[in-house]
Amino acid sequence: MQQKTYLAKKGEVKRNWVVVDLADQVLGRVATRIANTLRGKTKVAYTPHEDTGDFVIALNAAKIRLTGKKLTDKKYYRHSGFKGGIKEETAGHLLQRKPEEVIRLAVRGMLPKNKMQKHLLKKFQSCASTAPSAL
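Before going into details, it helps to say that this report is about the structure given with it. (Residues numbered from 1 in each chain as written. Predicted model: local features only at pLDDT ≥ 70, side-chain atom pairs only at ≥ 80, totals over all residues. Heavy atoms only, no water.)

What to know about the side chain of Asp54
The condition is simple: Only DSSP runs of H or I reaching four residues or more are called helices, and only runs of E reaching two or more are called strands; each is numbered from the N terminus. The term polar contact refers here to a pair of N or O atoms within 3.5 Å; inside protein, the definition further demands a hydrogen-donor-capable atom paired with an acceptor-capable atom, and it admits residues adjacent in sequence only when both atoms are side-chain atoms. Note on definitions: a residue-residue contact is assigned when non-hydrogen atoms from the two residues lie within 4.5 Å.
Secondary-structure assignment places Asp54 in the loop between α1 (27-39) and β2 (55-59). At 2.8 Å, the side chain of Asp54 and the side chain of Lys43 are in polar contact. Apart from the residues lying within four places of it in its own chain, the contact partners of Asp54 are Lys14, Arg15, Asn16, Val18, Thr37, Leu38, Lys43 and Lys123.

Observations concerning unusual backbone geometry
What counts is decided by this rule: Only protein chains enter the area calculation, which uses a 1.4 Å probe; residues under 20% of their type maximum are buried, those over 50% are exposed, and those in between are partly exposed.
Despite not being glycine, Asp24 shows a phi value in the positive range, around 60°. Judged by its relative accessible area of 61%, Asp24 is exposed. With a phi close to 60°, Asn60 is a non-glycine residue in the positive phi region. Since its relative accessible area comes to 7%, Asn60 is described here as buried.

Describing the sheet that holds strand β1 (residues 17-21)
Adjacent strands of a sheet pair through backbone hydrogen bonds, lying either parallel or antiparallel. Note the threshold: Strand pairing requires that DSSP identify at least two bridges connecting the strands. Fitted lines through C-alpha atoms give the axes, limited to the stretch in contact for helices. The angle between two N-to-C directions lies from 0 to 180 degrees.
Read from one edge of the open sheet, three strands run β1-β2-β5, paired in parallel fashion. Strands with a single pairing partner mark the edges of an open sheet, and in this sheet they are β1 and β5 (124-126). Here the average twist between neighbouring strands, direction ignored, is 15°. Here β1 pairs with β2 via five bridges, running parallel. Looking at β2, one finds that Val18 is bridged to Val56.

Brief notes about helix α4 (residues 99-109)
Note the threshold: Directions drawn from the helix axis to the C-beta atoms are what define this arc.
Of all the residues in α4, the buried ones are Pro99, Val102, Ile103, Ala106 and Val107. Considered in projection along α4, the buried side chains sweep an arc of 125° and stay on one side of the axis. The inward-facing, buried residues of α4 abut α1, β3 (75-79), α3 (91-97), α5 (115-121) and β5.

Some words on the packing of α1 against α4
For the record, the criterion: Roughly parallel means an angle under 35 degrees; roughly antiparallel, over 145; roughly perpendicular, 65 to 115; everything else is oblique. Crossing handedness is read from the near helix: turned anticlockwise from the far helix by less than a right angle, it gives a left-handed crossing, and turned clockwise, a right-handed one. Residues are sorted three ways: Asp, Glu, Lys and Arg are charged, Ala, Val, Leu, Ile, Met, Phe, Trp, Tyr, Cys and Pro are nonpolar, and all the rest, Gly among them, are polar.
Across the interface, α1 lies against α4 with an axial gap of 8 Å and an inter-helix angle of 60°. Taken together, the axis directions place α1 and α4 in an arrangement best described as oblique. The way α1 lies across α4 gives a crossing that is right-handed. Together, Leu27, Ala31, Ile34, Ala35 and Leu38 of α1 and Val102, Ile103, Ala106 and Val107 of α4 make up the contact between the two elements. Of the residues assigned to the contact of α1 with α4, the class counts are nine nonpolar, no polar and no charged.

Given below as structure tokens:
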């Protein structure tokens, strides 16, 4: 008898809520864990072309840790769409201004570059502190 590979279908997967505390954790390592949870790689019924992942809430984004000289040397770029409209910001400045954005960009970079990326990012929520009003 030949075994068959199980492929999860849309609507068959039970989704859980995962809460991650980012206080004193390294950005890249925790972003990898979040991306794997969003994709569903932590589950037995992982299917690459289907969304089998869980919802993730990240707390204490302002207390994330960057190693080395990334606070001053790492730069984030965005463009307004107009000529000469490129803006550049260091990781330290963005962490002070919008700590949730640093986490979101790190997780976004670790998700697949296809139509599923936008869908998976909708299941991710981060907040700068643990205050209930932020949720």
